Amino acid sequence: MSVSNRDSKAISEALESIRSSIPSNVNLVAVSKYVDADKVEWAYNCGQRDFGENRVEELQRKSLACDAKGLSSIIWHFIGNIQSNKLAKLLRVPSLGFIHSIDSEMRLKDLYKRIDNFSGDQLNFFLQVNTGGEQEKSGFLSYDELASAVRFHLQEYQGKRLNFFGLMTMGKLRGDDFERDARACFQALKGYRSRLIEDFSLEGLSLSMGMSRDYRIAIEEGSDFIRVGNAIFNSELES
Ligand SMILES: *Cc1c(COP(=O)(O)O)cnc(C)c1O
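What counts, and at which threshold
Here the residue numbering is sequential within each chain, running from 1 through the sequence in written order. With the structure being a predicted model, the display of local features is reserved for residues of pLDDT at least 70 and the display and counting of side-chain atom pairs for 80 or more, all residues being used for whole-chain, interface and lining totals. As a rule here, side-chain values cover all heavy atoms of the structure and leave hydrogens and water aside. Strands are runs of DSSP state E lasting at least 2 residues, helices are runs of H or I lasting at least 4, and numbering of each runs from the N terminus. Only the C-alpha atoms count toward the radius of gyration. The rule for a globule is 2.2 Å times the residue count to the power 0.38. Buried means the residue's accessible area, taken with a 1.4 Å probe over protein chains only, is under 20% of the maximum for its type, while exposed means over 50%, and partly exposed covers the values in between. Contact criterion: two residues are considered in contact whenever any of their non-hydrogen atoms come within 4.5 Å of each other. Areas reported as accessible are Shrake-Rupley estimates using a 1.4 Å probe. Residue values count occlusion only from the protein chains shown. Only four residue types enter the charge count, namely Lys and Arg as positive and Asp and Glu as negative; His and the chain termini do not. By convention, the charge on Lys lies at NZ, on Arg at CZ, on Asp at CG and on Glu at CD. Nearness is judged by heavy atoms alone; a residue qualifies as near a molecule or strand once a single heavy atom is within 4 Å of it. What qualifies as a polar contact is a pair of N or O atoms within 3.5 Å, subject to a donor-acceptor requirement within protein and to the restriction that residues adjacent in sequence count only when both atoms come from side chains. In this count, Pro and Cys sit with the nonpolar residues alongside Ala, Val, Leu, Ile, Met, Phe, Trp and Tyr, while Asp, Glu, Lys and Arg are called charged and the others, Gly among them, polar. For the purposes of this section, nonpolar cores are sets of buried Ala, Val, Leu, Ile, Met, Phe, Trp, Tyr and Cys residues that join through side-chain atoms within 4.5 Å.

A. Broad picture of the overall build of the protein chain. Summing up its helical and strand segments, the protein chain has nine helices and eight strands in all. Relative to the compact-globule value of 18 Å for 239 residues, the protein chain shows a C-alpha radius of gyration of 17 Å, a close match. Counting only C-alpha atoms and orienting by the principal axes, one finds that the protein chain spans roughly 50 × 45 × 30 Å. Expressed as a percentage of the 239 residues in the protein chain, the buried residues total 50%. For the protein chain, the proportion of contacts with a sequence separation of at least 24, taken over those separated by at least 6, is 66%. As displayed, the protein chain has an accessible area near 11,100 Å², and 44% of this comes from carbon and sulfur atoms. Positive and negative charge centroids in the protein chain, built from 31 and 34 side chains respectively, lie 3 Å apart.

B. Expanded view of the site of the ligand. The immediate surroundings of the ligand are formed by Val-31, Lys-33, Tyr-34, Ile-79, Met-168, Met-170, Met-211, Ser-212, Arg-227, Val-228, Gly-229 and Asn-230. Here Gly-229 contributes a backbone N or O atom positioned 2.9 Å from an oxygen atom of the ligand. Surface burial for the ligand is 90%, taken as the share of its 380 Å² of free accessible area covered by protein chains. In the shell around the ligand, the residues fall into seven nonpolar, three polar and two charged.

C. Molecular detail of the environment of Gln-83. With respect to the helices and strands, the residue Gln-83 is situated in the loop between β3 (75-78) and α4 (87-91). Between the C-alpha atoms of Gln-83 and Arg-107, which are 24 residues apart in sequence, the distance is 8.6 Å.

D. Quick peek at the nonpolar core. The biggest cluster of nonpolar side chains holds 67 residues, and the ones touching the most others in it are Leu-96, Ile-99, Leu-111, Leu-127, Leu-167 and Leu-196. Looking at which element gives the most residues to this core, the answer is helix α7 (residues 178-200), with seven residues. For Leu-96, the contacting residues outside a window of four places in its chain are Leu-59, Trp-76, Phe-78, Leu-90, Leu-91, Phe-118 and Leu-123. Membership of the second largest hydrophobic core comes to five residues, among which are Val-29, Phe-98, Met-168 and Phe-225.

Structure representation (structure tokens):
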């Protein structure tokens, strides 16, 4: 499907409209994967600081371009599938603050192995859960897998700069009732969080859930981070 990018005024209006409709404790990650660094700059000039990308090379390119523009308080969120051979490159991206898409215990172990490439103070990560059970999506498929990864993290993390920030999911793509399906996915993620809190005495785990078409539902279900692209940057494919 083709999308047409918005101009600066439309981006600023879209940001305003989303911000005014979400609670102040919800973090808006502007997913800039469809647009170039100039449009990131427009959003930055409207006060947006958190931006999301799903490809390592593209993130690397855009973060350098934004650096050159002097957008010094930008925070990058990586939200895409991670290939192990690109992890070191990802960790070297300036101003990388969050990875939302650690999708297996193996990936978490890779992250630990390569963390020396990261030059910041602290890197926050979410474990991605495949709550819809769709095959083309990545993520943990059971509580046991998730709990095992959390156990690994809790044994390893002392002295490291990796911070387990919470859980991430995407609403189911296919299905005859996307609202009902999305809500079920978000509730499932909340359920996983409750079990982790109980089993590991963890505190303050955040939920990263909700995209353009379902962020309102995600917020009703207690989302802390919404990842919104099209509704900010593109005039078609609106929610
Ligand atoms: C692209 C993407 C988003 C944003 O999707 P929109 O529909 O454009 O809001 C959010 N999360 C992930 C993981 C994505 O890949």
